[in-house]
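Reading the structure
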Amino acid sequence: MQQKSQKKAELLDNEKPAAVVAPITTGYTVKISNYGWDQSDKFVKIYITLSGVHQVPTENVQVHFTERSFDLLVKNLNGKSYSMIVNNLLKPISVEGSSKKVKTDTVLILCRKKVENTRWDYLTQVEKECKEKEKPSYDTETDPSEGLMNVLKKIYEDGDDDMKRTINKAWVESREKQAKGDTEF
């Protein structure tokens, strides 16, 4: 009888899990895309507003820095995790000199500039490329009508079907008037 109860106890011991896993308290991760940034001579400062972030434990707010990126993870804030990853910073930062501060409803990320007293016009390289692509190029050496044609070409390339039809119609009507000798617009 004792042997049977010992065997039952051994079987029950074998059924116990090897490790106790803590239940996951966060439901899902929210990607942070809304932020503001500013700069001083020594730092680029990124401001992220998260309601109640000052009430979570300090270890739940983590920032990992590399020379050209940082990623923020806020764990278990109102039942969710919040994540922000910024890669390809415009210029290199000092990993050792960079830090974070948690203030009332705000996380402040301080990226120490590797080269002080330099101005960052953009936060990331990608942002710079997008903004500069949007800028029209002004070439003072070329014919002004050529510049206008380049702007129209860009509008045509970026435009929808209605825009393309409108530009085509205007171009055809202009050519027809020129062929008739009617230069009045």
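Described below are features of the structure shown in this document. Predicted model only: the values in this text are computed from it and were never measured.

1. Notes on the pairing of strand β3 (residues 43-49)
- In this sheet, β3 lies alongside strand β2 (residues 36-39) in antiparallel orientation, the contact comprising four bridges. Pairing of D38 across the sheet is with K45, part of β3.
- Counted along the chain from β2 to the antiparallel partner β3, the turn is three residues long.
- Here seven bridges tie β3 to strand β8 (residues 106-113), and the two strands are oriented antiparallel to one another. Along β8, the bridge assignment pairs V44 with C111.

2. A short note on the sheet that holds β2
- One open sheet accounts for four strands, arranged β2-β3-β8-β7; its pairing is antiparallel. What marks the edges here is a single partner per strand, and that holds for β2 and β7 (93-103). Across this sheet, the average inter-strand angle for adjacent strands is 20 degrees, counted without regard to direction.

3. Considerations on the environment of K45
- Relative to the helices and strands, K45 is located in strand β3.
- Taking relative accessible area as the criterion, K45 reaches 22% and is therefore assigned partly exposed.
- Each C-alpha atom, one on K45 and one on L108, is 6.7 Å from the other, the two residues being 63 residues apart in sequence.
- In this structure K45 touches G36, W37, D38, S40, L108, I109 and L110, once residues within four positions along its chain are discounted.

4. Notes on the packing of aromatic side chains
- Under the counting rule described, the total for this entry stands at one aromatic pair.
- Geometrically, the ring pair formed by F65 and F70 is tilted, given 6.4 Å between the ring centres and 45 degrees between the ring planes. Here the two residues F65 and F70 agree in accessibility, since each one is buried.

5. A closer look at the pattern of salt bridges
- In the structure shown here, the tally under the stated rule is five salt bridges.
- R112 is the partner of E116 in a salt bridge, and the nearest nitrogen-oxygen pair spans 2.7 Å.
- Classification of E116 by relative accessible area gives partly exposed; the value is 35%.
- Judged by relative accessible area, R112 falls into the partly exposed class, the value being 23%.
- Residue R119 pairs with D121 through a salt bridge whose shortest N-O separation is 3.2 Å.

Rules used in this analysis
Residues numbered from 1 in each chain as written. Predicted model: local features only at pLDDT ≥ 70, side-chain atom pairs only at ≥ 80, totals over all residues. Heavy atoms only, no water. Pairing = 2+ DSSP bridges. Helix = DSSP H or I, 4+ residues; strand = E, 2+ residues; numbered from the N terminus. Axes fitted to C-alpha atoms, helices over the stretch in contact; angles between N-to-C directions. Buried < 20%, exposed > 50% of the residue type's maximum accessible area, 1.4 Å probe, protein only. Contact = heavy atoms within 4.5 Å. Phe/Tyr/Trp six-rings, centres within 6.5 Å; stacked < 30°, edge-to-face > 60°. Salt bridge = Lys/Arg side-chain N within 4 Å of Asp/Glu carboxyl O.

The values reported here are purely geometric and, on their own, carry no functional implication.
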